[in-house]
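Notes for the structure review
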Amino acid sequence: MAGPRVSPWSPIWNRFREDRLAVGGAIFILLLVVLALLAPVLPIRDPNHGYYELLPANGAPLSPGGTFLLGSDPNGRDLLSRIIWGARISLFIGFVANGLALVVGVTVGALAGYLRGWFETILMRLTDIMMAFPVLLFSIAIISIIERGSVLVIVAVIALFYWTAVARIVRGQVLSLKEREFVEAGRALGGGPQHNLLHHILPHLVPIIIVYGTIGVATSISTESILSFIGIGVQAPTADWGKMVADGQDFMFLAPWLVIFPGLMILLTVLAFNLIGDGLRDALDPRARALFRGVIGGVVAGGAGLAGQRPGLDPDAEPT
Amino acid sequence: MTVYIIRRLAWMVLVLFGVAAITFVIAFLVPGDPARLYAGTNASPAAIKIIHHQLGLDRPLWTQFGDYMWRVLHLDFGFSYRYQTPVLPAILQRFPATAELALGGVFVELIIGLPIGILSAIRPGSFWDRATMVFTFVALAAPPFWLGLLLLFLFGVLLPVLPIGGYGGGAPQFLLLPALTLGLGGAAYYARLLRASLLDILKSDYVRTAWAKGLTERQVIQKHAIPNALTVIVSQLGMDLGYFLAGVVVIESVFAWPGIGKQAVDAIFTLDIPLVMGTVLFGALLIVTANVVVDISYTFLDPRVRYS
Amino acid sequence: MKRLHNAAMAVLGVGAIVLSACGNAATTTEGQPVSGGTLLTSFKDDLKTLDPAIGYDTDSWLIERAIYNGLLDYKGFTTQLQPDIAAAMPVVSPDGKTYTFKLRQGVKFSNGRTVTADDFKYSWERMLDPKTAGPMTSGPFWGSVHGAQDFFNGAATSVSGFKVIDASTIEIDLDTPNQSFLNIIAMPFGFVIPKEAVAAAGSDYAHKPVGTGPFVLDKWTPGQLIVLKKNPNYFGTKPYLDELDAQIGVTPEVGYLRLQNNQIDIVQPDVTIPSAQYIQLSANPSWKNRILKSPNVDIWYLAMNANMKPFDNKLVRQAFNYTVNKANQIKILNGRGVVNNGIQAPAMPGYVPNYNPLGLDANGQNIQKAKDLLKQAGYDASHPFPAQDLVYAKASADSDRLAASIQQDFQQVGITLNLKGLAFNAFLDITGKPNATALSYNGWFQDFPDPSDFIDPILSCAAANVTANGGNVAFFCDQAADKLADQARGDTNSAERLKLYQQFQDIIVTQDFPWVPMYSTVQTAVAAPRVHGFQIHPVWLFVATSIWVTGGAPSLAPASASASASASP
């Protein structure tokens, strides 16, 4: 029967569009990414250059308005520039760490769920061990031992903990998917396990991966800001939102903008990603909301887990 | 049943062994000579040698590892470089402050999260529900250290009604802000969790049967919805407590709360590795214990789970 | 003395110089001293130890000073020595190698026992004993005591240079005369402790100190609180205060906020007022006149290791000396410092005022000359200067800012510096290791205000030869200059001595360039209105015995309506 070819994505996109908060979040992130990418060519000041000559003799930071739109820090650096450049770091670490965690987590989780056996057991024990660590503390310990401040180290450490949450969720999904009819049908038709996995199961994981991925970026950014706040994330003088809050806290009474603006950026960015993730969840399959409730519970928990030191657990997971 | 408990305990041992092993490896990777750190920056080479021997650093790796495991089993987590005292007692000394904060945080989570979650589940789509969603999103997105600083600034400096950080012997006004900051994120999470669980339960068959039988909304909620939703909350709560007790690093740092989290962060910056690793081990112990306790109590709560 | 890790953490000095009252405005000493009351203060970190043989940081020394005594102490707030447990200043032999002290009668430890000369021998030997693992066991300061080297090596079981003549007379024999030896004795390492207390406490003596001092340790809850109480049996002038409480875990930033809310009396007195709070307090009419200032005898500098490329090229080191904007460093320190182009501190004997042999501008720079020198050294667009790590200690919020400014300065001459901030321990470790660090940011604080203390431990060939924990972080050695320093050390003609030291300084600053000297700091402190008698002591920084309090005690309940000047900013 003839008819216009409709992409399978358009109903999803339509549903997403209806969620205004999610769309708002998406616009915000888009703007942020553009700003971050264009930062080197934008007509803004060098974020690391201190205009000491503009500071008074007692070194007090300049308030917003005047020469610097958002004020300066005690080194005479332009806060607005630093916030824009800080977005680069946060977004980079957010995307890369999360991406890494997804790749590893999905692979391992899918294999564990599909193959079962000793591979699954070892994996589950391994994730148990990783999850037993007080995450933040341990990340801090690792980073300070290896080397402080390297962006790649931070990425690796964040991914190191987050992949376990992903793996567990994916494994759970794969387990339940395996029992579904189409998989059995696929087996009956003679496809090998690899074929089955790739063609029948993975596609059904895509929604989870997308949602997890989005919210995972929020988690990664949140975690990175905490690490930088503690002092072992990105090092001076690089502009980083978490570090800026840490540097500004002493000056909170004298110059509250040093704390308020960077922190606000973290909040808005994390919020935006969370809203997008929520919107995607609704858009991807509103009927499968139950399917996702566990996921979102787990994802949010995972998110809150790393950031708020809580376990990335799925409340619906079977006890092992 | 007992088999299950034994299995969980065995799991606990295995996981802790893994944690200890990884901790040892990481501690071993520390650059710099621990003996030098221990002896102090101006100690003579002779003194350093003595301490090297005392710490057993001149023995082969496997021996050190075995020794380390043996000591851990006997709850000897090593010797703090900076404080020159054994690690575990130093941790236990600070632990009550963390415990107090953890309990405060959990309390806040429940006091704020539960009512909000229930209310928004009962009235989905209402203004209240939407306000709750906004609150949960913002509370989950706000960086905890930022929130804490703002609250501290607002209530400690601008309107000086609360103390500016510190412990104050555990008096409630000192606990208020840190517990609030700690619990807000969790409150948001519980609110959402509860809302989602309740919404599902309210749609389920047996609830609809109850309605058909003529029970009022309140009775349905009280007798059926909430108890079921609570089992989910309880298990999460157990985990939370475990995690909070493991040392809430950020909150303790912002509020200068003298708990094990802050102690560990300070230890990191003074390169007091035994203390850091000891805290990690201790924290893992708490988390794993909480896990096991929750799992076991779950079997009492929900017989369907018992055999798996 | 101690290598300073930040401008905020002042360390102590031992000295024989009289610091004039300039810059050391006393607090309100109006009214008569009142007995009684409790002083509330704070520390950021828990004290490491109260064992005088081990403690080598300001926090420990501050409290140690209150609970122990030694043979000598400082007169009031000067750096002149006077007898403490000693009955009088020692008799010194004409060759300067023998010191004989007579002890005061009736000085008792807080456990009731009378102090004898044996106690001093015991305390000093314990302090030098490698088994105690204290900082003095590597030989600084006490190394010239007769028999000390054998004792360090384990060849002897006691130090023959410490001679107990009788119960109240002790003699010290040195191998070579040392003009600063009395200052050394006055350091806390010379304090006396009773051996039975050490035996009773076992390895925990650090937390169970027993001394002769005006206060005794009443309670120490680790990580939370230290309480000192007045010692009723103190042999000297009794303190006014009944009690001194120190809360632990309070950062100076929070502390000064509490100070303004009348919640604390004095904030960690050994740390200078943090930047933000200093700015606030200076702008606040109720507080700005209460701020005390005292110039420190210290020097802050960049050290360049001439044994490591590219600093083996003297032109490079010279170029670096024209690059640093020292005025900006001081601006970051809120103006609490003075540019210093030499290796001696102001208020030190022999200090040359306005010393600027290189003709630097008011900022301490000459960028054009720096660029020219680099070009001469062979660096230009086609052969750029290799990026360097600037190693510094992250000890206060200022540390990052100071380092960032240096990084920016070097960008102006086309040099990239990577900032490597380390924990203080790690910093000392890596800079103290021979040839591990090419460029570092250091501070040195007086042990005593004498040029020898700013040369022997940090610029002499002997100090360059250590294998660990070196103070000479540039690992600098100039034999000819070293000879000058040796000559000066034993020279009893003080004018000649000082001249020799000035010559040494000239060699360093105009010929060898191991350092970029930058600035010396000014210590600041402020106390609550109810505190009287508080001054910044040039050595101890804080002396509890001179302080008295009036009015109601501070409480941690915020904004208590107190009669004292309300501090709302």
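Residues numbered from 1 in each chain as written. Chains lettered and ligands numbered in written order. Predicted model: local features only at pLDDT ≥ 70, side-chain atom pairs only at ≥ 80, totals over all residues. Heavy atoms only, no water.

**Side note on the overall build of chain C**
- When you go through chain C residue by residue, the secondary structure sums to 16 helices and 20 strands.
- Whereas a compact globule of 569 residues would reach a radius of gyration of roughly 25 Å, chain C reaches 24 Å, a difference of no more than 12%.
- If you line up chain C on its principal axes, its C-alpha atoms span 75 × 65 × 40 Å.
- Across the 569 residues of chain C, 64% fall into the buried class. (Helix = DSSP H or I, 4+ residues; strand = E, 2+ residues; numbered from the N terminus. Rg over C-alpha atoms; globule rule 2.2 N^0.38 Å. Buried < 20%, exposed > 50% of the residue type's maximum accessible area, 1.4 Å probe, protein only.)

**Observations regarding the overall build of chain A**
- Per the secondary structure count, chain A includes 11 helices and zero strands.
- Helices and strands appear in chain A in the N-to-C order α-α-α-α-α-α-α-α-α-α-α.
- When the 320 residues of chain A are sorted by exposure, 58% land in the buried category.
- In chain A, the share of contacts with a sequence separation of at least 24, taken over all contacts with a separation of at least 6, comes to 71%.
- Split by element, the accessible area of chain A, about 12,400 Å² in all, is 67% carbon and sulfur. (Contact = heavy atoms within 4.5 Å. Areas by Shrake-Rupley, 256 points an atom, 1.4 Å probe, with all protein chains shown as cover.)

**Let's talk about the packing of helix α10 (residues 257-284) of chain A against helix α7 (residues 144-158) of chain B**
- As a packed pair, α10 of chain A and α7 of chain B sit with axes 10 Å apart at the nearest point and diverge in direction by 140°. With respect to each other, α10 of chain A and α7 of chain B are oriented oblique. Both α10 of chain A and α7 of chain B take part in a crossing whose hand is left-handed. Within the contact between the two elements, α10 of chain A uses V259, I260, G263, L264, I266 and L267 of chain A and α7 of chain B uses F145, W146, L149 and L150 of chain B. (Axes fitted to C-alpha atoms, helices over the stretch in contact; angles between N-to-C directions. Parallel < 35°, antiparallel > 145°, perpendicular 65-115°, else oblique. Left-handed = near helix turned anticlockwise from the far one by under 90°.)

**Examining the interface of chain A and chain C**
- Between chain A and chain C, the residue contacts involve 24 residues of the former and 25 residues of the latter.
- With both sides pooled, the region where chain A packs onto chain C buries about 2,000 Å², and carbon together with sulfur makes up 54% of that total.
- Here chain A is connected to chain C by one salt bridge.
- Measuring nitrogen to oxygen at the nearest pair gives 3.1 Å for the salt bridge that ties D400 of chain C to K243 of chain A.
- At the boundary of chain A and chain C, one finds seven residue pairs in polar contact (both at pLDDT 80 or more).
- Here the side of chain A that touches chain C is built from residues that sort into 11 nonpolar, seven polar and six charged. (Buried area = accessible area lost by both parts, 1.4 Å probe. Salt bridge = Lys/Arg side-chain N within 4 Å of Asp/Glu carboxyl O. Polar contact = N/O pair within 3.5 Å; in protein donor to acceptor, adjacent residues only side chain to side chain. Nonpolar A, V, L, I, M, F, W, Y, C, P; charged D, E, K, R; others polar.)

**Section: helix α9 (residues 241-248) of chain A**
Residues and elements named next belong to chain A.
- The buried fraction of α9 amounts to seven of the eight residues, a majority that puts the element mostly inside the structure.
- Where α9 is concerned, the buried positions are W241, G242, K243, M244, V245, A246 and G248.
- The N-cap residue of α9 is D240: its side-chain oxygen and the backbone nitrogen of G242 are 3.0 Å apart.

**Here's the deal with the state of the cysteines**
Residues and elements named next belong to chain C.
- Scanning the entire structure with this criterion turns up one disulfide over all chains.
- C461 shares a disulfide with C477; S-S distance 2.0 Å. Torsion about the S-S bond of the C461 and C477 cystine: about 90°, corresponding to right-handed handedness. Here C461 is found in helix α14 (residues 461-464), whereas its partner C477 is found in the loop between α14 and α15 (479-490), with 16 residues between them in sequence.
- Accessibility expressed as a relative area gives 7% for C461, which makes it buried. (Disulfide = S-S within 2.5 Å.)

**Examining the sheet that holds strand β11 (residues 243-248) of chain C**
Residues and elements named next belong to chain C.
- Ordered in space as β2-β11-β10-β9, the four strands form an open sheet in which the pairing is mixed. Two strands in the sheet have a free side with no partner beyond their single neighbour: β2 (38-43) and β9 (215-221). Averaged over all neighbouring strand pairs, the angle between strand axes comes to 20°, with direction disregarded.
- Where β9 and strand β10 (residues 225-230) come together, six bridges link them in antiparallel fashion. Opposite F215, over in β10, you have K230 as the bridge partner.
- Across the sheet, helix α1 (residues 58-67) is in contact with β2, β9, β10 and β11; its angle to β9 comes to roughly 135°. (Pairing = 2+ DSSP bridges.)

**Some thoughts on the pattern of salt bridges**
- Enumeration according to the criterion identifies 31 salt bridges over all chains in this entry.
- With its nearest N and O atoms 3.1 Å apart, the salt bridge here joins K208 of chain C to D204 of chain C.
- One salt bridge in this structure joins R530 of chain C and D265 of chain C, with 2.8 Å as the shortest N-O distance. Of this pair, R530 of chain C sits in the loop between β18 (515-525) and β19 (531-532) while D265 of chain C sits in the loop between α6 (252-260) and α7 (275-283), and the two are 265 residues apart along the sequence. Accessibility classification places R530 of chain C together with D265 of chain C in one group, the buried group.
- Put simply, K243 and D247 of chain A together with K394 and D400 of chain C are held in one network by salt bridges that share partners.

**Comments concerning the pairing of strand β12 (residues 292-295) of chain C**
All names here are of chain C.
- Alternating positions in β12 separate cleanly, L292 and S294 being buried on one face and K293 and P295 remaining unburied on the opposite face.
- Here four bridges tie β12 to β18, and the two strands are oriented antiparallel to one another. Directly across from S294, in β18, lies its bridge partner Q523.

**Describing the environment of K44 of chain C**
Residue and element names in this part refer to chain C.
- You can see K44 is positioned in the loop between β2 and α1.
- C-alpha of K44 to C-alpha of P285: the two residues are 241 residues apart in sequence and 27 Å apart in space.
- If we ignore the near neighbours within four places in the chain, the residues touching K44 are I248, G249, V250, T251, P252 and Q268.

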